Amino acid sequence: MKISLILADTLRSKEYFKHLIKNNIKPYKVFLYADKKKHTLEKFIKSNGIQTKFFRSKSINDIKIFNEIRKTVSRYFVYSGYPGEIVKKNLLRTKNIIHLHPGLLPNFKGSTTMYYSLLLTNKIYCTCLKLNQKIDEGKIMYIQKFKKPYNLKLLEGKFDNEIRAKTLVNFLIKGKKKNYKQKNNKYESYYIAHPIIRNLVISKKKLNTLF
């Protein structure tokens, strides 16, 4: 399966790339962007023999990035941007942009959904989806379930990045075997979890009293 990557210079992007290489999945091309001269990923990516195009930009929606992606032929473009970025419709209409969402869609749309998922179901999922113009309402490509981390303080850091990377790898290896359906009108979006909610989840003692 021919894929390319669209990466901001973040720890999550590095985790994606590391897991792909570890599983012998070599991207056709990497589009890397960062709003700084010095960045950590370009040298690491090039050392693995991958074509890399770097852009001095802080936004995925930079017209220079769009023009380069438009000329590239790949089945999927895996996206890992900066927090809060919204991909504009011109790119979404042009290419298949894949995103990894740390929650079970369509049930848990929005931000920091792992906390809400643990509170309501005591389960953690990650969903691979094709982005469209509505947040977390694109076509579901693959869903994977995960065990809770021993240290729940890792939820938004290392653990979050790892489950996204592992889900991406399994989607690319196993392919789409199930016809997932989005019924988004049945579910509301979740917003950034309040510190009280986060503390309830992280505290095992408090969390166990909720079930």
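Let me begin by describing the structure that accompanies this report. (Residues numbered from 1 in each chain as written. Predicted model: local features only at pLDDT ≥ 70, side-chain atom pairs only at ≥ 80, totals over all residues. Heavy atoms only, no water.)

### Some remarks on the sheet that holds strand 7 (residues 124–130)
Paired through their backbone hydrogen bonds, the strands of a sheet run either parallel or antiparallel. Pairing within the open sheet is mixed, and its seven strands lie in the order 3-2-1-4-5-7-8. Bordering the open sheet on either side are strand 3 (51–56) and strand 8 (139–146), each of which pairs with just one other strand. The mean angle between the axes of side-by-side strands here comes to 20°, regardless of whether they run parallel or antiparallel. Where strand 1 (residues 3–8) and strand 4 (residues 76–80) come together, five bridges link them in parallel fashion. Bridge pairing links Leu5 to Val78 in strand 4. (Pairing = 2+ DSSP bridges. Helix = DSSP H or I, 4+ residues; strand = E, 2+ residues; numbered from the N terminus. Axes fitted to C-alpha atoms, helices over the stretch in contact; angles between N-to-C directions.)

### Considering the pattern of salt bridges
Inspection of every chain in the model, using the stated rule, returns five salt bridges. A salt bridge links Lys109 to Glu137; the shortest N-O distance between them is 3.3 Å. Taken as a pair, Lys109 in strand 6 (residues 109–110) and Glu137 in the loop between strand 7 and strand 8 lie far apart in primary sequence, 28 residues in all. With a shortest N-O distance of 2.5 Å, Arg164 and Asp160 are connected by a salt bridge. With Arg164 and Asp160 both in helix 6 (residues 158–174) and four residues apart, the pair spans about one turn of that helix. Judged by its relative accessible area of 7%, Asp160 is buried. One connected set of salt bridges, linked through shared partners, spans Arg12, Asp160 and Arg164. (Salt bridge = Lys/Arg side-chain N within 4 Å of Asp/Glu carboxyl O. Buried < 20%, exposed > 50% of the residue type's maximum accessible area, 1.4 Å probe, protein only.)

### Some thoughts on the environment of Lys130
Among the structural elements, Lys130 can be located in strand 7. When the C-alpha atoms of Lys130 and Tyr79 are compared, they prove to be 10.0 Å apart, with 51 residues separating the residues in sequence. A polar side-chain atom of Lys130 sits 2.8 Å from a polar atom in the side chain of Asn96. (Polar contact = N/O pair within 3.5 Å; in protein donor to acceptor, adjacent residues only side chain to side chain.)

### Focus on the packing of helix 5 (residues 113–121) against helix 7 (residues 195–202)
Interhelical geometry of helix 5 versus helix 7 gives an angle of 55° and a closest axis separation of 10 Å. Relative to helix 7, the element helix 5 lies oblique. The interaxial crossing formed by helix 5 with helix 7 has left-handed handedness. Counted together, Tyr115, Tyr116, Leu118 and Leu119 of helix 5 and Ile197, Arg198, Leu200, Val201 and Ile202 of helix 7 form the full contact between these two elements. Class assignment of the residues belonging to the contact of helix 5 with helix 7 gives a composition of eight nonpolar, no polar and one charged. (Parallel < 35°, antiparallel > 145°, perpendicular 65-115°, else oblique. Left-handed = near helix turned anticlockwise from the far one by under 90°. Contact = heavy atoms within 4.5 Å. Nonpolar A, V, L, I, M, F, W, Y, C, P; charged D, E, K, R; others polar.)

### Things to note about the packing of aromatic side chains
Inspection of every chain in the model, using the stated rule, returns four aromatic pairs. Here the aromatic rings of Phe17 and Phe44 are separated by 5.6 Å at their centres, their planes lie at 70°, and the arrangement is edge-to-face. One end of the pair, Phe17, is in helix 1 (residues 11–22); the other, Phe44, is in helix 2 (residues 41–46), with 27 residues separating them in the sequence. For Phe17, a relative accessible area of 0% corresponds to the buried category. On the numbers, 6.4 Å between centres and 35° between planes, the contact of Phe31 with Phe77 is tilted. One end of the pair, Phe31, is in strand 2 (residues 29–34); the other, Phe77, is in strand 4, and 46 residues separate them in sequence. The exposure class of Phe77 is buried, given its relative accessible area of 0%. Cation over ring: Lys2 sits above Tyr28, and NZ or CZ is 4.0 Å from the ring centre. Directly above the ring of Phe44 sits Lys14, whose terminal nitrogen or CZ lies 5.4 Å from the centroid. (Phe/Tyr/Trp six-rings, centres within 6.5 Å; stacked < 30°, edge-to-face > 60°. Lys NZ or Arg CZ within 6 Å of the ring centre and 35° of its normal.)

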